[in-house]
Every structure is written in structure tokens, then in C-alpha cells.
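Examination of the molecular architecture
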Amino acid sequence: MTMYFPFASSPLSLTRLRRLSPVALAVLALMQQPAAAQTDDAVVLTQAAGTLPVVVVTGARSERQPDEVPATIDLLQGDELDLSRVQDIRDLVQTLPNVSVRRAPLRFGAVVGSTGRDGNAGFNIRGLEGNRVLLTVDGVRVPRELTSGVFGSAAFGRDYFDLGLISRVEIQRGAGSALYGSDGLAGHVAMFTAEPRDLVRDGKTMATRVAVQADTRDDGRRIGVTVAAVPNDRHQWLASLQLGASEALGNQGRNEATNSTRTAPNPQDDRSVGTLFKWVMTPGGGQKHTLMAEHVDKRSEVEAYSGRGASMGFLTTDLDGTTDMRRSRLGWDGRFKVDSSMADEWRATLAWQDADSQEVAVEQRRALTGGPVTSRSRDVSYSEQTLQATLQAEKRLPANGGWGHRIVYGADLVRSTLDNLVTGTVPPSYERYPLKRFPETEESTVGLFVQDEIQSERWTIVPALRYDHISLKAENSALYPKEPADLDASAVSPRLGLIFRPSDSWSLFGNLSAGFKAPSPLQLNNYFDNPLGYYQSIPNPDLKPEKSRTLELGARGDAGRLDWEVVAFAGRYRDFIEELVRVAGRGVAGDPIRYQAVNRGKVSLSGFELKGSWALTDSTTLRAAYGRTQGEDTTTGLPVNSVNPAQLYAAIDQKLGAWTVGLGLTHVAGKKSEDVDVSSTPNQFVPKGYTTLDLRTSWQIRPGTRLSAAIHNLTDKTYWQWANVRGLAANAPVLDAYTSPGRSLSVALVTDF
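Keep in mind that what you see is a predicted model, and the values were worked out from it rather than measured. (Residues numbered from 1 in each chain as written. Predicted model: local features only at pLDDT ≥ 70, side-chain atom pairs only at ≥ 80, totals over all residues. Heavy atoms only, no water.)

Let us look at the side chain of Asp-752. If you trace the backbone, Asp-752 turns up in strand S36 (residues 744–752). Looking at Asp-752, its side chain comes within polar contact range of the side chain of Arg-209, at 2.7 Å. Once residues lying within four places of it in the same chain are set aside, the contact partners of Asp-752 are Arg-201, Thr-208, Arg-209, Arg-702 and Gly-704. (Helix = DSSP H or I, 4+ residues; strand = E, 2+ residues; numbered from the N terminus. Polar contact = N/O pair within 3.5 Å; in protein donor to acceptor, adjacent residues only side chain to side chain. Contact = heavy atoms within 4.5 Å.)

Confidence along the protein chain averages 88 in pLDDT terms, with 91% of residues attaining 70 or more. Below a pLDDT of 50 lies the segment residues 1–20, which in the model reaches 51 contacts outside its immediate sequence neighbourhood of four places, other chains included. For the stretch residues 33–52, pLDDT sits under 50, and the model shows 34 contacts to residues farther than four places along the chain or on other chains. (pLDDT = per-residue confidence, 0-100.)

Another point: unusual backbone geometry. A cis amide bond, omega -5 degrees, links Tyr-433 with the succeeding residue Pro-434. Located in the positive-phi region is Leu-580, a residue other than glycine, with phi close to 55 degrees. With respect to the helices and strands, Leu-580 occurs in strand S28 (residues 562–584). The exposure class assigned to Leu-580 is partly exposed, which follows from its relative accessible area of 35%. (Buried < 20%, exposed > 50% of the residue type's maximum accessible area, 1.4 Å probe, protein only.)

With that settled, the discussion passes to the pairing of strand S14 (residues 268–284). Two strands pair when backbone bridges link them, and strand S13 (residues 235–246) and S14 are joined in this way by 12 bridges, in the antiparallel orientation. Counterpart to Leu-238 in the pairing with S14 is Lys-278. Relative to strand S15 (residues 287–303), S14 runs antiparallel, the two being bridged by 15 bridges. The residue of S15 that forms the bridge with Val-280 is Thr-290. Taking the residues between adjacent antiparallel strands as the criterion, S14 and S15 are bridged by 2 residues, where Gly-285 takes a positive phi near 65 degrees. (Pairing = 2+ DSSP bridges.)

One ladder, built from 21 bridges, connects strand S18 (residues 345–367) with strand S19 (residues 374–398); its direction is antiparallel. Note that in S19 the partner of Asp-356 across the bridge is Ser-383. Hairpin connection between S18 and S19: a loop of 6 residues separates the two successive antiparallel strands, and Gly-370 in this loop has a positive phi of roughly 110 degrees. The hairpin formed by S19 and strand S20 (residues 404–425) contains 5 residues between the paired strands, and Gly-401 there has a positive phi angle of roughly 70 degrees.

Membership of the largest hydrophobic core comes to 34 residues, with the highest contact counts inside it found for Leu-92, Phe-123, Val-169, Val-189 and Met-191. Contributions of two or more residues to this core are made by helix H2 (89–92), strand S4 (99–103), strand S5 (120–125), strand S7 (133–137), strand S9 (166–173), strand S10 (187–193), S28 and strand S29 (593–615). Not counting chain neighbours up to four residues away, the residues in contact with Leu-92 comprise Leu-76, Leu-81, Val-86, Phe-123, Val-169 and Met-191. Among the nonpolar cores identified, the runner-up in size contains 12 residues, and Ala-489, Leu-543, Ile-577 and Ala-597 belong to it. (Core = buried A, V, L, I, M, F, W, Y, C linked by side-chain atoms within 4.5 Å.)

Here is the structure:
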């Protein structure tokens with residue numbers, strides 16, 4: 001068996017661990033420090049969870065105060081999730097520099113086209129995006145993004161969330177593979193659903209929350225009802241239903257023609273349903289059991305006026321698309337307080353998740369030379385079923401000289417079945433429906449991890465180490481006429497974190513960490529064959545995991561009314577997987593051009609972030625954040641196009657009795673031409689910088705009832721976001737179709753009773 005170690009230059013056998021990198025060796029050495037048996041004088045590294053005003057779990061797999069984690073973590077809860085400001089994951093991160101969500105307009109051009117319609121595609125953190133960002137809900141991995149030219153007009157994003165069910169979001173920037181394994185090259189977005197205690201106040205046994213929201217940006221309407229009860233000390237439960245409806249997201253386009261010149265949004269009808277049920281049991285003896293069920297269903301229908309017109313000898317007279325994304329999850333979380341030499345607490349989780357997406361396009365067309373109108377369709381589906389189990393232990397131990405240990409260790413098991421199907425009517429002449437772009441694949445991951453927090457009054461040293469074994473086994477299928485490739489690989493991911501507290505009011509922190517991302521089934525066995533055009537895509541059994549090593553250094557402080565943080569980061573990434581690379585063939589009969597996914601990219605990313613909050617008075621607060629990232633493909637010397645321009649966000653909030661009024665400013669720098677790789681789009685559109693203003697207010701009508709409103713883009717600024725125009729030519733006649741929404745109003749009313 002071979003394992004791939006992110007800091008090594010070549011595969012390592014398990015018998016040659018002595019050649020691990022200095023970081024891994026340092027981690028192992030720190031974990032070998034002897035510790036005495038636990039006594040009553042053991043150093044308590046953090047307060048009891050119930051007394052913490054704010055905690056995060058992402059950076060350590062258990063509750064910590066944010067300033068006790070040697071990494072950058074954005075915590076979003078309470079006002080940051082106000083429905084008047086946040087309706088989807090795009091809104092969620094709009095004030096966070098170096099974090100974004102791409103959302104291109106729905107402008108697919110034909111049933112067999114190359115423009116996907118993946119909506120809110122997923123998160124970009126510090127210049128990396130897609131499946132290089134780990135997404136979880138209550139610790140369960142969210143299905144992956146699936147985009148490729150072989151799927152034509154179909155593209156599957158990662159917006160399987162209903163934010164009406166979410167009470168807290170943690171965004172960790174930087175590699176998280178030392179604790180969570182694959183996919184966390186760029187960072188980790190962890191969402192947590194609501195708990196009964198979030199609603200039921202002390203002294204009450206039951207609570208109901210009703211929330212209604214409306215937004216003119218997409219004519220969105222939403223209503224949510226959540227009921228929670230704590231009938232006694234042993235039982236709690238919560239049930240939530242969220243319903244939403246909206247139309248197309250607005251832009252600044254004014255051309256409403258029903259053909260390819262259209263710049264106004266295509267007519268769109270969206271519907272969403274989100275449900276959540278939780279039952280929390282505390283039978284005594286230090287036990288806590290949480291049973292949960294979640295279901296999210298998002299459906300979208302679009303009338304693609306922009307797809308009408310002449311192309312390749314045909315006139316498209318009508319084009320419609322339907323997208324349906326569904327995710328269902330059942331889970332159990334058990335916690336056991338124990339008094340043993342192995343652990344103070346055991347935690348076991350078990351989750352089953354079933355997710356599937358379907359995109360259907362139906363086209364009416366006729367030949368330009370005349371003749372009857374004919375119909376063709378394409379129906380593409382993607383499914384991902386996951387079984388995930390975790391066993392985790394936590395142990396506190398004292399050591400000599402006033403030091404203490406807090407050790408977290410355990411094992412993860414994830415087994416997923418991934419599949420796809422392409423069918424429809426009137427396929428291209430070189431294909432026959434149904435077919436698969438990759439075979440049904442079973443992906444299994446076994447991960448073993450350990451982290452030790454070694455803490456004194458002034459220092460915290462956090463070594464962590466994880467071993468993962470990944471296996472992809474593909475099934476033979478008549479719908480996939482290739483010999484599929486399998487994958488069997490391993491990775492060791494070390495991390496070394498450090499915190500130094502010169503005083504009680506500020507601290508220095510840093511971490512050096514490794515990350516990796518295993519190939520996806522589509523990358524391993526991408527299939528497409530056009531014998532008439534003499535080109536095809538073929539599997540690659542030699543694909544290796546992508547790897548990274550990142551360094552983050554920062555300082556943070558709390559000086560009474562001022563909270564602040566400054567961070568600098570740098571990362572090197574290797575073996576990036578590039579899809580559909582030409583590897584062989586002359587493009588003639590008997591020797592078609594062959595494309596393959598290959599490891600060949602090497603990327604360097606670096607940048608910095610500043611953020612702070614200053615309470616000018618008891619009723620006035622100023623907040624600001626700035627971030628900048630730069631990146632280079634070190635193999636070619638070209639810029640990395642997924643890096644977004646620098647962004648500044650500043651806001652001031654004023655309390656006026658029962659009212660709060662705030663003004664937010666967002667300034668995004670223009671994308672520089674020298675920071676754009678134009679090799680694939682020589683005439684790439686490069687948007688200018690822009691500044692927008694948002695005005696918001698809230699009124700506490702009575703205890704438990706709040707009305708809030710926000711005016712977005714107060715000055716009605718016309719602007720383009722870089723993430724949404726990558727690959728768009730500067731002379732494109734429909735540039736305005738890619739603009740962001742103009743001035744808009746959103747309101748929300750939330751009442752608890």
C-alpha cells in the first residue's frame with residue numbers, strides 16, 4: 001500500500017515513516033511528552049461549555065473559545081444571520097473579505113451546450129473553491145460540486161442548504177485535513193442546525209418562532225415556523241418547517257428581448273422546502289443523545305429566452321430548464337461523560353444522507369432551411385448516498401510546571417456511493433441514451449486523528465496528526481463502455497499550532513498545516529466519446545490526491561471596547577487535478593485525440609486579512625474588515641483566476657432605544673489585467689472596482705418580536721463581480737446580463753411566543 005504525504009516529494013511506504021517532514025516529526029515528538037495521572041489539580045484548559053458566551057468547534061472538533069484556536073475562524077450567528085440581510089449562502093459571506101460565493105446567471109444556450117446553471121455554486125476561500133472547500137451540516141459532509149464539459153448544459157452546485165434551519169455558521173480559513181481529512185485544502189464551512197435551547201427561554205417549557213421575509217432582489221417570499229419544547233430535564237425536541245418561493249435574481253440588464261440578445265434575467269420560478277426535527281435526551285449519568293432528521297428540497301424552473309436563436313443550422317424557438325436538488329439526512333449524536341484513564345468524554349455519531357440532483361432541458365427547434373419543429377431533451381441526474389460514523393474521545397491531563405494537556409483523538413469512517421445518468425430524447429448522432437459519464441463508484445475513507453493541546457498560562461502548543469486511507473471502487477456498467485479505473489491511496493496530514501499570550505488583552509498565533517483532496521469519481525473516470533469528431537476522454541488510474549502546505553501567522557486582541565485580528569497567510573499547493581487535458585492522439589480515424597484528468601498544477605497563494613470591532617460608545621459600534629489574496633500557477637507563471645480582488649467592508653451601527661440603524665460600505669478593488677490568466681479567454685472582460693452602500697434597521701417591537709429591513713445597493717450602482725464573469729469576453733454583447741442586482745429592499749419579521 002502506498003500513501004501520499006503532502007510535504008514529501010514522492011510516495012512513501014508505511015515502513016519509512018522516519019522520512020516524514022520536520023512538521024510531522026515535531027508533532028509526533030510533542031505528543032510523546034509524558035503526562036501524570038489525572039488528579040483534582042488538573043489544569044482546566046477551558047471553562048465549562050455552559051458558561052462560555054461564544055464557542056466554536058471547527059478548529060478543534062470540540063468546543064473552544066475563538067481566541068483559543070490557532071487559526072482564523074469567522075463565527076456567524078444571531079444578527080449575522082438576520083433574514084433581512086441573509087437569504088442564501090451568497091448573502092452569508094458578502095461582508096467577509098477573501099470569502100465569496102459564485103453565482104452566474106441562468107443563460108444556458110442549448111440542450112447540448114457547454115454553459116452550466118449551478119446557481120449558488122459553492123464557497124471560495126482565499127482563492128480556492130469547489131470541492132477544495134469542505135462543507136458540513138452538523139458534521140456531515142455536503143455532496144460535492146459536479147461540473148464538467150462532458151455534462152453539457154448541466155452543472156451541479158453545492159447549495160443544499162436552507163438557512164432557515166441554521167443557527168450558527170463557522171468558516172475556518174486554511175487547510176483542515178489534520179482533523180477532518182480530505183477536501184479541506186482551502187478551508188471548512190461548518191453549519192449547525194438549531195437546538196431546542198436556542199428558542200426555549202429559562203423558566204419556559206415551550207416556544208414557537210414564526211419568521212416571514214420578503215426581498216425585491218428576486219421577489220422572494222419565505223415563511224418559517226419552528227416549535228421547540230423542554231418538558232423536563234431529560235427530554236427536549238424541536239420541529240421546523242421552512243417554505244420559500246422566489247423568481248429570477250435581478251440584475252442591471254434592460255434588454256428584455258426573447259432571444260440571445262436578452263440581458264434582463266430569464267423568467268424563473270423557484271420553490272424550496274426545508275424541514276428539521278430534533279429530539280434531545282439526557283437520561284443521566286453524563287449522557288446526552290440527539291436524534292435528528294433533516295430534509296431540503298429546492299426546485300427551479302427557467303424559461304430560457306436567452307437560448308432562443310440560430311445556431312449550427314437550427315433555429316431554437318423554445319428552451320426550458322428544470323433543476324431539482326434534494327438532500328435528506330438522519331443522524332444520531334451520543335455523548336458520554338466517563339471517568340477512565342482513556343477519556344473524560346466519549347462522543348459517537350452516526351449519520352445517513354441521501355442527496356440527488358436532476359437537471360432537465362427541453363428544446364424546440366427547426367432547421368434554418370425550413371421544415372417542422374422538432375423537440376429534443378436532456379435529463380442529467382447525480383446522486384450521492386453517504387454513511388458517516390465517528391468515534392471521538394477527549395481527555396484532560398496535567399503535566400509538570402503548570403502545563404496541561406487536552407487530548408482529542410478518534411476515528412472517522414465515511415462510505416459514499418456516487419452515481420449519474422444521462423438520458424433524454426434525440427441524442428447527438430455519436431451517442432445513445434441512456435449513458436453514464438462515470439461509473440457508479442463506492443468511495444470509502446477511514447481516518448485516524450489525534451490532537452493535543454498543551455497549555456500553560458501564556459502558551460498553547462497544538463500538535464495534530466491524521467492518517468487517511470481512501471478507496472474508490474468503480475462498478476462495470478453497460479452504460480459506461482470503458483474499463484473503469486480504481487484508486488487506493490493514503491495521506492498523512494500534520495498540523496502544528498501555537499498561541500502566545502504576552503498579556504490578557506492580546507495574543508499571537510500561528511499554524512503550519514498540511515491538506516489533501518482525493519480525486520473525485522468523475523475526475524478518475526471521466527467519459528466522453530465522439531467517434532465522428534475523433535476525440536474522447538479516458539480514465540486515469542494514476543491520479544493522486546491534491547496536496548497543500550500552508551502557513552498562517554496572526555495576532556488578535558480584546559482591549560476593552562476594541563476587538564481586532566490581523567492575519568498573514570501563504571500556501572503552496574501541488575498535484576492540482578486539471579480535467580480534460582489533451583494527452584495523446586492526432587484527431588484522425590484510428591487515432592482520436594484523448595483527454596484525461598491529470599495531476600500537473602502547482603499553485604502558490606498568499607495574502608492577509610484585517611478585521612476589528614470598536615464600541616465607540618455604549619450605543620455606537622464601528623466594524624471593519626479588509627482582505628487581499630494573490631496567486632500564481634508556479635508551473636506556468638500565470639495568475640490564478642479563482643482569486644478575487646481585494647475587498648474592504650466597513651459598517652457603523654447606532655442603537656436608538658428600541659431601534660437600531662446601520663450603514664454598511666463594501667469596496668471591491670478592480671481586477672488588474674496582469675492578475676488574469678487570459679490563455680483560455682484572450683479577450684477576458686476585466687471588471688472595474690466598485691463601492692456599494694447598504695442601509696439597515698431593526699425595531700424591537702416587544703420582547704421576542706423584531707422587525708428588520710435593509711436597502712441593498714443604496715446608490716443603485718451597476719457593477720460586476722469577478723467570480724461571475726470569469727471566461728466572459730470583453731466584447732460580449734450581453735455583459736449587462738452578468739451585473740449584480742440594483743437597489744433592492746428586504747424585510748423580515750420574527751416573533752417568538
